[in-house]
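Structural characterization, general
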Amino acid sequence: MKKINSLYKDVNYDINILGIKNNYLEVVEGDLFVCISKNNTERYYQVDEAIKRGAVCVVVDGDVGPRDVLVVKVENTSREYPYLVEKYYDMPDLKLKTIGITGTEGKSSVGMIIQCLLGKDICGFLDEDYRILNTYNEKSEFNVNNVYKYLDEFVKFNCYYGVVEAGSRSLVDGTLKAMDFDVCVYTNIMSDHLDVHGSFDNYLRAKLELFQKCKDTGIQVLNKDDFYYATVLKACRGNVVTYGRESDCTLQIVDYKCMYNKTSIVFKYKGFEFKLFSPLLGDFNVYNLAAALLTCLELGVGLNVLLRRIEKISIPNHLVFLKTDNCFKVMVDCAHTVNSIYKLLNFINSLNYSSVYVVVGQEGEVDKFRRSGVGEIVVKNSTYAIFTSDNNRSEDPNNIINDITANIKNYSNYEVIVNRDEAIKKAINMAYDNDIVLVLGKYTDVNMIYSFLADRNISESSTEE
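Residues numbered from 1 in each chain as written. Predicted model: local features only at pLDDT ≥ 70, side-chain atom pairs only at ≥ 80, totals over all residues. Heavy atoms only, no water.

1. Quick notes on the overall build of the protein chain
Convention followed: Going along the chain from the N terminus, every DSSP run of H or I of four or more residues is numbered as a helix, and every run of E of two or more is numbered as a strand. Note on exposure labels: buried denotes an accessible area under 20% of the residue type's maximum, exposed denotes more than 50%, and partly exposed covers the range between, all computed with a 1.4 Å probe on protein chains only. Accessibility throughout is a Shrake-Rupley quantity obtained with a 1.4 Å probe, and a residue counts as covered only by protein chains that appear here. Charge convention: Lys and Arg are scored as positive, Asp and Glu as negative, and His as well as the terminal groups of each chain are ignored. Taken as the charge centre is NZ of Lys, CZ of Arg, CG of Asp or CD of Glu, depending on the residue.
When helices and strands are counted, the protein chain shows 16 helices and 23 strands. Counting over 465 residues, the protein chain shows a buried share of 57%. Only carbon and sulfur atoms are counted for the fraction: they give 46% of the accessible area of the protein chain, which is about 20,300 Å². When the 52 positive and 63 negative side-chain charges of the protein chain are each reduced to one mean point, those points stand 4 Å apart.

Structure, rendered in structure tokens:
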């Protein structure tokens, strides 16, 4: 709770503000409502509705006439909103060492690895789908209010670090507008979210916004092996460090070998060469670990401390082999873009499984342009695919799956099962000795998969008898 005069020093009213909202439909008794509207008619309507729902103060950038509640007029409510929320939560971003991560792929993985290396007791992580702090992992909506609410929560849990996924949409829609970062991390850039940004150039510019938000004393951690490294470097300010295969990288990836249960990696940091075994699988995770490791080293964490923590890294829903008594393997991963699925299938196919069964869908309202590419990559690099739903939002799942299968009508190694649980169950029932089932996408119920595996065990036992 805040007094209105603590948010606006020139307002001489002693009003308690219980929350701040910019959606009038979410307003409850005691809220301050920030009206972000396109015209006078819309502004009047939103203000009226917010007051009906209990708003005790409204902030506007246009005329709304006399009201029964306090009206505060500002120059631009869109610009005002994130700074007002930041102030409401007592500037939690300034009380933490903030680490922002951007890129097309690897953001969540790098963020969770950083959190594991720094320690979940002193580092909170917030991505576009979840917040992770200490022993809990909860789904959350990524918006201005929640970002500062959860950063404030990190502060109250005595965290020293706050890691934030900085996606292209949150960089341009104002979600992260009020934040400056102590560390900015870049993973890679590939074509994505063109439905949101209109063109790749716009998408790239959105990503580069993060590096304008790095503090003058901050650190920028860049992937030197990425095609757009030079472009990102030009956007940087402050201290730049790099990771990659080249010998002049701050953290050089000297060599690595991917195995089915671990990855052997040789790194060189500022001339000192060392070898480690990572529980993270696949060559893409070599780069994710490099980004996280370099970030922590530059923050002053000792190498010996980090090496001890690497073997304990755990990333929920990222390349997780489920424990099962069955004769086949089941892996869950959040891969959902063309490139991430391609890299994952390359890794899986290098392990010589007899058959590879893939269950995959695509989110609704997100980059329709990549859907057909996902379909092609999966059928060309797996034994059999089942295309299904994956967080459809307001879209018809059948339309999403039609987009996925648009260019593969001449392939016979796939089917469509719209119900995600039924699709996973079907794949599990298809697998036998030395096969692997890959369940891909951002939303997977691991407990449900375990129940299907248990049913499969029961049926196998019954058959044997």
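2. Structural notes on helix α5 (residues 144–156)
We count it as follows: By definition here, a helix of n residues has an expected span of 1.5 Å times n minus one.
For α5, with 13 residues, the first-to-last C-alpha span of 19 Å sits near the 18 Å given by 1.5 Å per residue. Burial within α5 is extensive, with 10 of its 13 residues counted as buried. Turning to α5, its buried residues are Val144, Asn145, Asn146, Val147, Tyr148, Tyr150, Leu151, Asp152, Glu153 and Phe154. Of the residues one or two after α5, asparagine 158 is the one with positive phi, at around 65 degrees.

3. Looking at the sheet that holds strand β6 (residues 70–73)
Two strands in a sheet stick together by hydrogen bonds in their backbones, pointing the same way (parallel) or opposite ways (antiparallel). Here is the rule we go by: Any two strands with at least two DSSP-identified bridges between them are counted as paired. All axes here are fitted lines through C-alpha atoms, helices being fitted over the stretch that makes contact, and every angle between N-to-C directions spans 0 to 180 degrees. Between two residues, a contact is recorded if the distance between any of their heavy atoms is within 4.5 Å.
Reading across the sheet, the 4 strands line up as β3-β4-β5-β6 and stay open at both edges, with parallel pairing between neighbours. Strands with a single pairing partner mark the edges of an open sheet, and in this sheet they are β3 (19–21) and β6. For this sheet, the mean inter-axis angle between neighbouring strands, taken without regard to orientation, is 20 degrees. The sheet contact formed by strand β4 (residues 31–34) and strand β5 (residues 57–60) spans 3 bridges and is parallel. The residue of β5 that forms the bridge with valine 34 is valine 59. Helix-sheet contacts for helix α2 (residues 40–52) involve β4 and β5, and the interaxial angle to β5 is about 165 degrees.

4. Let's talk about the nonpolar core
The cut-off we apply is this: Put simply, buried Ala, Val, Leu, Ile, Met, Phe, Trp, Tyr and Cys residues joined by side-chain atoms within 4.5 Å make one nonpolar core.
Judged by nonpolar contacts, the single largest core of 52 residues is most densely connected at Ile4, Tyr8, Ile20, Leu32 and Tyr148. Take this core: its biggest share by element is 6 residues, from α5. Among all residues touching tyrosine 8, those that are not within four sequence positions of it are Val59, Val72, Val74, Glu80 and Leu84. One finds Ile132, Tyr161, Leu289 and Ile315 within the second-largest nonpolar core, a separate group that totals 44 residues.

5. With respect to the sheet that holds strand β18 (residues 320–321)
Taken in spatial order, the 6 strands make up an open sheet running β18-β19-β23-β20-β21-β22, and their pairing is mixed. The two strands at the open ends of the sheet, each matched to only one other strand, are β18 and β22 (414–416). Pairing geometry for strand β19 (residues 329–333) and strand β23 (residues 436–440), over 5 bridges, is parallel. Looking at β23, one finds that valine 330 is bridged to valine 437. With respect to the sheet, helix α13 (residues 371–380) is in contact with β20 (356–360), β21 (384–387) and β22, its orientation differing from that of β21 by roughly 150 degrees.

6. Some remarks on the pattern of salt bridges
To be explicit about the condition: Think of a salt bridge as a Lys or Arg side-chain nitrogen and an Asp or Glu carboxyl oxygen that are within 4 Å of each other.
Within this structure, the stated rule accounts for 20 salt bridges. In this structure, arginine 371 and glutamate 395 form a salt bridge, with 2.7 Å as the shortest nitrogen-oxygen distance. Of this pair, arginine 371 sits in helix α13 while glutamate 395 sits in the loop between β21 and α14 (397–404), and the two are 24 residues apart along the sequence. You can call arginine 371 buried: its relative accessible area is 0%. Shared partners join several salt bridges into a network, and the residues in it are Glu49, Lys52 and Arg53.

7. Examining the side chain of threonine 295
Secondary-structure assignment places threonine 295 in helix α10 (residues 283–298). When near neighbours in sequence (up to four residues on either side) are disregarded, threonine 295 contacts Ile99, Ile114, Val183, Val185 and Val221.

8. Quick notes on the environment of glycine 271
Structurally, glycine 271 can be placed in the loop between β16 (263–269) and β17 (272–278). Given a relative accessible area of 64%, glycine 271 falls into the exposed group.

9. Comments concerning unusual backbone geometry
Backbone geometry at lysine 270 places phi at a positive 50 degrees, although glycine is not the residue there. For lysine 270, the location among the structural elements is in the loop between β16 and β17. One non-glycine residue, asparagine 352, lies in the positive phi region at around 60 degrees.

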